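Topology and contacts: notes
Below are the chains, spelled out letter by letter.
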Amino acid sequence: MSMTGECPGASANSHDEDKVKQFLEAQLSSVVDELSKPDGRPSLTLKRRPTRANCSLNVATGALQANGHGRECVVTYSWPGKTAREAWAFGVVVRILGHISEAIHGQFVASKRDIYYLDPAYFGSQRLVDTYIDDIAYTIGVGRPALHVGILIPRVDEIAELDLSGVRWVLVIEKEAVFHRLVTSNYHKSSTAGGGMLITGKGYPDLSTRAFLRLWKGNG
């Protein structure tokens, strides 16, 4: 789901993005080096992001951090692993790291949904992709924007305040290509109907899109 403008919340700064690049280079280079050895056993270690009850937001970085009383959990994913599932989990993490690297070097922002739909049969579930992305950000100590992974419209329960000043209309668009053409032409600013908002669910509007529209209507 996309809308005009960038992901709400903290934006990625150059320091955080450099940290992500260094992490990706170190981890992916290590994997390649191990795979090039006849008896190589590549592995990746991530911190598990704690539950909301055991973490707080670092205002400076936009990243979640464990509270002092929370016990940190670390998980190592390896190839070929002890079971087929362990090998699969390692492959999933490597693919997600690869997609994040592509987004950073390509200077574009991908949503968690975008990454999942690159290969839904392999990833298995959106929730799994979401979890690994959150764990990667938590391990590095940055917010998702530094990974170039965003939620362009957050869940309604995550919106603390909604500023609709100047928004006279909302247009929900099925085709993402049409959405990008209208955004590029600044239609949401130059329309004769006044200032507005463009939203696409990349197909039939999903639950988050519809929930946001209900929230907008209630605040209109």
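Residues numbered from 1 in each chain as written. Predicted model: local features only at pLDDT ≥ 70, side-chain atom pairs only at ≥ 80, totals over all residues. Heavy atoms only, no water.

The next thing to look at is the side chain of Thr-139. Structurally, the position occupied by Thr-139 is in helix H5 (residues 126-140). Setting aside residues up to four positions removed in sequence, Thr-139 forms contacts with Phe-23, Thr-45, Leu-46 and Lys-47. (Helix = DSSP H or I, 4+ residues; strand = E, 2+ residues; numbered from the N terminus. Contact = heavy atoms within 4.5 Å.)

Glancing now at the packing of helix H2 (residues 84-106) against H5. Look at H2 against H5: their axes get within 10 Å of each other, and the N-to-C directions meet at 65 degrees. Between H2 and H5, the angle is such that the two are roughly perpendicular. In the crossing of H2 with H5, the sense of the turn from one axis to the other is right-handed. Only Leu-128, Val-129, Tyr-132, Ile-133 and Ile-136 of H5 make contact with H2, whose side of the interface consists of Trp-88, Ala-89, Val-92, Val-93, Ile-96, Leu-97 and Ile-100. (Axes fitted to C-alpha atoms, helices over the stretch in contact; angles between N-to-C directions. Parallel < 35°, antiparallel > 145°, perpendicular 65-115°, else oblique. Left-handed = near helix turned anticlockwise from the far one by under 90°.)

With that settled, the discussion passes to the UniProt feature "active site" (unreviewed entry) in the protein. UniProt feature "active site" (unreviewed entry): in the numbering of this structure it lies at Tyr-117. Along the chain, Tyr-117 falls in the loop between helix H3 (112-116) and helix H4 (120-123). The exposure class of Tyr-117 is exposed, given its relative accessible area of 52%. (UniProt positions renumbered as here; feature names shortened; annotations may be inferred. Buried < 20%, exposed > 50% of the residue type's maximum accessible area, 1.4 Å probe, protein only.)

Following Trp-79, the chain continues into Pro-80 via a peptide bond in cis, with omega recorded as 5 degrees. At His-148, a residue that is not glycine, the phi angle is positive and equals roughly 65 degrees. Along the chain, His-148 turns up in the loop between H5 and strand E7 (149-150). Even without being a glycine, Asn-186 presents a positive backbone phi close to 60 degrees. Within the secondary structure, Asn-186 sits in the loop between helix H6 (176-184) and helix H7 (187-190). Among the residues examined, Asn-186 registers a relative accessible area of 34% and is labelled partly exposed.

To continue, consider the pattern of salt bridges. Scanning the entire structure with this criterion turns up seven salt bridges. A salt bridge links Arg-48 to Asp-135, with the shortest nitrogen-to-oxygen separation between them at 2.9 Å. With a gap of 87 residues between them, Arg-48 in strand E2 (residues 43-48) and Asp-135 in helix H5 connect regions that are remote in the sequence. You can call Asp-135 buried: its relative accessible area is 2%. Of the charged contacts, one joins Arg-95 and Asp-119 as a salt bridge, the two residues approaching to 2.8 Å between their closest N and O atoms. Of this pair, Arg-95 sits in helix H2 while Asp-119 is found in the loop between H3 and H4, placing the two residues 24 residues apart along the sequence. We classify Arg-95 as partly exposed; its relative accessible area is 30%. On the basis of relative accessibility, which here comes to 22%, the residue Asp-119 falls in the partly exposed class. (Salt bridge = Lys/Arg side-chain N within 4 Å of Asp/Glu carboxyl O.)

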